[in-house]
Protein chains: 2
Amino acid sequence: MTNREIPYKIYLSEQELPKKWYNVRADMKNKPAPLRNPGTLQPMTLEELSGVFCRELALQELNDTDPYIDIPEEIQSFYKMYRPSPLVRAYCLEEKLGTPAHIFYKFEGNNTSGSHKLNSAIAQAYYAKRQGLKGVTTETGAGQWGTALSMACSYFGLDCKVFMVKVSYEQKPFRREVMRTFGASVTPSPSPTTRVGREILEKFPGTTGSLGCAISEAVEAAVTTEGYRYVLGSVLSQVLLHQSVIGLETKTALDKYGVKPDVIIGCAGGGSNLGGLIAPFVGEMLRGEADYQIIAVEPASCPSMTRGKYVYDFCDTGMVCPMAKMYTLGSSFIPTPNHAGGLRYHGMSSIVSQLYHDGYLTARAVEQTEVFKAAEEFCRVEGILPAPESSHAIRVAIDEALKCKETGEAKNIVFGLTGTGFFDMTAYEKFNDGLMSDYIPTDAEIEKSLSRLPKVDL
Amino acid sequence: MTNREIPYKIYLSEQELPKKWYNVRADMKNKPAPLRNPGTLQPMTLEELSGVFCRELALQELNDTDPYIDIPEEIQSFYKMYRPSPLVRAYCLEEKLGTPAHIFYKFEGNNTSGSHKLNSAIAQAYYAKRQGLKGVTTETGAGQWGTALSMACSYFGLDCKVFMVKVSYEQKPFRREVMRTFGASVTPSPSPTTRVGREILEKFPGTTGSLGCAISEAVEAAVTTEGYRYVLGSVLSQVLLHQSVIGLETKTALDKYGVKPDVIIGCAGGGSNLGGLIAPFVGEMLRGEADYQIIAVEPASCPSMTRGKYVYDFCDTGMVCPMAKMYTLGSSFIPTPNHAGGLRYHGMSSIVSQLYHDGYLTARAVEQTEVFKAAEEFCRVEGILPAPESSHAIRVAIDEALKCKETGEAKNIVFGLTGTGFFDMTAYEKFNDGLMSDYIPTDAEIEKSLSRLPKVDL
């Protein structure tokens, strides 16, 4: 097949959109370890999970046997408003690099939330609505997830309470206003509206907040308010299930043109995009039907897979959430302040962690200056301003394509372009002004946060 | 045809993309009046225009006879990176309004520049490159056009000098950084780098700049620098020619599903989006083949069509550009400072002006608070955060759909959604906080700026 037979952008028709999510856990021989109650250390039961999450989502969280789960009609309808997302053949980037490789990217940024997060937000909002809830609570850092959730909630007429890390609330007022425009209430965290918030404010009056604290506040607000539940944008198995639409669409689009990927690359923070993108491909590997090289890319300043430990850890600093077995840097790990992009979660989704542990994927850590160089090179020829998160994948895709240039191999490289960088221009400005620097945590720093792991042996 | 046979989004295939632009002037019996030299008052010649614009664009500016002009291969390739833009059936908005009307919108915001401006930017950059120029200069206010041009120039490796109105340069640093990321140099205007800039700085040391002044600086920089030409993002006939891709795609998409629009609505600042959207439809009207109701929507605070005069006027405050016959409020007209959206140009494209004068379209002025209400209502169900400019069209589309609800008519309403509002969150914040107000200029204010029209009778 000559290059030109593949269009710049492959759009599936509405008929070709996935009607079921793919649940990769069903095909995993080594299942991801269960979430555990931090008090009893026992696996979380459906009843326990249903106190925090909607019941249907709790069921999905526990379901590691059904390979396919129907996407409800209402969610399919919403997906049609912004999906299929295009699978783009990066002809211009290939030409610029002079590589024989064929580069494809699945672009999830063409929706107002600006990222793939909307795929799970709409599912979580739908189940909350169907359960007759009044609203949901969540936390957001830079605001991608909060934006996606506020869009989803406004669509279903659901109340949406977002706890936004105070420093972001103040320094990213535009994200905050997008959420408010969609009708969400946005509270800077820590706030005096929760017990945990008041405690932190008393202890550290000048604090600018952290994601861990915002999670604790959002969970508290959910469990103490009648008709509310807590929702989360990454890490959880239910989220990876919803995000499988990314991989399913990608696979259908590639199959249409007879393209078999050699390398699949995704950025990895909590693992939602990576897990979704690779799901059907890993499924084939798990069933012994095919083989792919899968690369998870993480920031060198927050290297949970490449330098973390595979153990049970707390999911939040307040330690109110269930514990998860994952590659982790320790729940007290906070990336250096000069870290500009996202992907700053201390752990990695249990599914991705288990797959990594079992050798189905490799991980690579990259430094942010190199990441922004890749972003700049990419946007100038492909015309999309990528989010810093997504640019981690771009960096490695370019590196792999340049290797092909040396070896002469015409590999098919597929990567996930998770979102746009319109709300990250402060980081771009730093890069444009030559003021961006890199920082790799020392072994001692990582040891220190790992020393605060829960004192259990599971 | 039942509703559900029409998908949420109609995407044309690459094969269906326009290969020629449509030049509506060829079908106009009353041609738009020519640009005139402000010194001699004679129509601008090809030679005169070629001193400011690239030769091929000067030719296009003068061409009012050829109905179709080939889109060069290189531009078609670039278009494929972000086009076709989707024609969206607004099922959710229809349901929310409870209207029997069928609402469609052509969404031009799914590219990094965030608007339709890229359609002409890439054409102008291409012709500059083909002529062997080193670079181009331009002005930008809020930054949509400057962003689009910087993307286009980076694609062709062309230098791009943007004069950005100083107040925007300082208050919209994110737009500025997008341009810089694409390699453009961005200078706050007025600047000491031009004669006209120095003069203005001397006379008004504290000035925050104006679009008219930035135009004058950009033109001066172009004509005094070897290998540079000036480019403009709206108003000109060449720009409307390039923007005809919007209308051509829209018509092809509607034709595929046998939909004949009853009402076509576009926001109108300089006229580039409106002119492009309506081109093929007006063409049918001009040739007596069909009839449509076309509505141009402008801000009540900058009402060039509904309250301006149809006369020759200066295109810039520095009066260095050719004069154009257009509906104008006078080149010294500046919208009230509380005006939040764009669409702040004092005049209207000669093509749109002539069509309006001849009764092919009507115009409607709307107030910004109502515009933002429409934007909010739209985004909460359709999931796209619209630019304030685009929201003018949304306002009138909703109004027309509500009229259908009263009359029971199932009209087909098509409007242009020109772009996204990610860089307009300051205006949204004002609206969200209930602090947005309206201002309609008094007759005396408009009389005053109209009293400064050029003293010629043409």
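Reading guide: rules and limits
- Residues numbered from 1 in each chain as written.
- Chains lettered and ligands numbered in written order.
- Predicted model: local features only at pLDDT ≥ 70, side-chain atom pairs only at ≥ 80, totals over all residues.
- Heavy atoms only, no water.
- Helix = DSSP H or I, 4+ residues; strand = E, 2+ residues; numbered from the N terminus.
- Rg over C-alpha atoms; globule rule 2.2 N^0.38 Å.
- Buried < 20%, exposed > 50% of the residue type's maximum accessible area, 1.4 Å probe, protein only.
- Contact = heavy atoms within 4.5 Å.
- Areas by Shrake-Rupley, 256 points an atom, 1.4 Å probe, with all protein chains shown as cover.
- Lys, Arg positive; Asp, Glu negative; His and termini not counted.
- Charge placed at Lys NZ, Arg CZ, Asp CG, Glu CD.
- Phe/Tyr/Trp six-rings, centres within 6.5 Å; stacked < 30°, edge-to-face > 60°.
- Lys NZ or Arg CZ within 6 Å of the ring centre and 35° of its normal.
- Buried area = accessible area lost by both parts, 1.4 Å probe.
- Salt bridge = Lys/Arg side-chain N within 4 Å of Asp/Glu carboxyl O.
- Polar contact = N/O pair within 3.5 Å; in protein donor to acceptor, adjacent residues only side chain to side chain.
- Nonpolar A, V, L, I, M, F, W, Y, C, P; charged D, E, K, R; others polar.
- Pairing = 2+ DSSP bridges.
- Axes fitted to C-alpha atoms, helices over the stretch in contact; angles between N-to-C directions.

> Describe the overall build of chain A, and please don't skip the residues or the numbers.
For chain A, the count of helices and strands is 18 helices and 15 strands. Taking 23 Å as the expected radius of gyration for a compact globule of 458 residues, we find that chain A reaches 21 Å, a close match to that expectation. Seen through its principal axes, chain A has C-alpha atoms that stretch 60 × 50 × 45 Å. Put simply, chain A has 458 residues, and 66% of those count as buried. Across chain A, contacts joining residues at least 24 apart in sequence account for 76% of those joining residues at least 6 apart. By element, 51% of the accessible surface of chain A is carried by carbon and sulfur atoms, the whole surface being about 15,600 Å². Of the side-chain charges in chain A, 47 are positive and 53 negative, and the distance between the mean point of each set is 2 Å.

> An account of the packing of aromatic side chains is requested, with residue identities and associated values reported.
All names here are of chain A. Per the counting criterion, the structure on display carries 39 aromatic pairs over all chains. Taking the centre distance of 4.6 Å and the plane angle of 70° together, the rings of Phe-78 and Tyr-155 count as edge-to-face. Taken as a pair, Phe-78 in helix H3 (residues 73-82) and Tyr-155 in helix H6 (residues 144-156) lie far apart in primary sequence, 77 residues in all. Between Phe-378 and Phe-415 the ring centres are 6.2 Å apart and the planes differ by 75°, which places this aromatic pair in the edge-to-face class. In this pair, Phe-378 is assigned in helix H15 (residues 368-382) and Phe-415 in strand S15 (residues 412-417), connecting sequence segments 37 residues apart. Note on Phe-378: relative accessible area 0%, which makes it buried. One aromatic cluster is present, built from ring pairs that chain together Phe-78, Tyr-79, Tyr-82, Tyr-126, Tyr-127, Tyr-155 and Phe-156. Between Lys-325 and the ring centre of Tyr-310, over which it is positioned, the NZ or CZ distance is 4.7 Å.

> Requested: an account of the interface of chain B and chain A, with residues and values cited.
If you look at the interface, chain B gives 42 residues, while chain A gives 41 residues. In this assembly, chain B packs against chain A so that about 4,100 Å² is buried in total across both faces, 58% of it on carbon and sulfur atoms. At the junction of chain B with chain A, the criterion picks out four salt bridges. At the junction of chain B and chain A, the tally comes to 21 residue pairs in polar contact (both at pLDDT 80 or more). Residue assignment for the side of chain B that touches chain A shows that the elements contributing at least two residues are helix H3 (73-82), helix H6 (144-156), helix H8 (173-181), helix H15 (368-382) and helix H17 (425-432) of chain B. Here the side of chain B that touches chain A gets six residues from one element, more than from any other, and that element is H8(B). Considering only residue class, the side of chain B that touches chain A consists of 20 nonpolar, 10 polar and 12 charged.

> Pulling in residues and values, what's your account of the sheet that holds strand S5 (residues 102-107) of chain A?
All names here are of chain A. Judged by pairing direction, the sheet is mixed, and its seven strands sit side by side in the order S1-S4-S5-S15-S10-S11-S14 without closing on themselves. Looking at strand neighbours, the two that pair on one side only are strand S1 (9-10) and strand S14 (362-366), the edges of this open sheet. Relative to strand S4 (residues 87-89), S1 is paired through two bridges, and the arrangement is antiparallel. The residue bridging Ile-10 from the neighbouring strand is Leu-87, located in S4.

> Please give an account of the sheet that holds strand S7 (residues 159-165) of chain B that cites residues and values.
By definition, the strands of a sheet pair up through backbone hydrogen bonds, in either a parallel or an antiparallel sense. Residue and element names in this part refer to chain B. The strand order across the open sheet built from four strands is S8-S7-S6-S9, with neighbouring strands paired in parallel fashion. Edge positions in the sheet fall to strand S8 (185-189) and strand S9 (228-230), since each has one partner strand and no second. For this sheet the average axis-to-axis angle between neighbouring strands, irrespective of direction, equals 25°. Two strands pair when backbone bridges link them, and strand S6 (residues 135-140) and S9 are joined in this way by three bridges, in the parallel orientation. Bridging from a neighbouring strand, Gly-135 pairs with Tyr-228 of S9. Strands in contact with H6 are S6 and S7; relative to S6, the strand with the most contacts, it is inclined by about 165°. In the packing of H8 onto the sheet, the strands contacted are S6, S7 and S8, and the crossing angle to S7 comes to about 170°.

What is shown is where atoms sit, not what they do.
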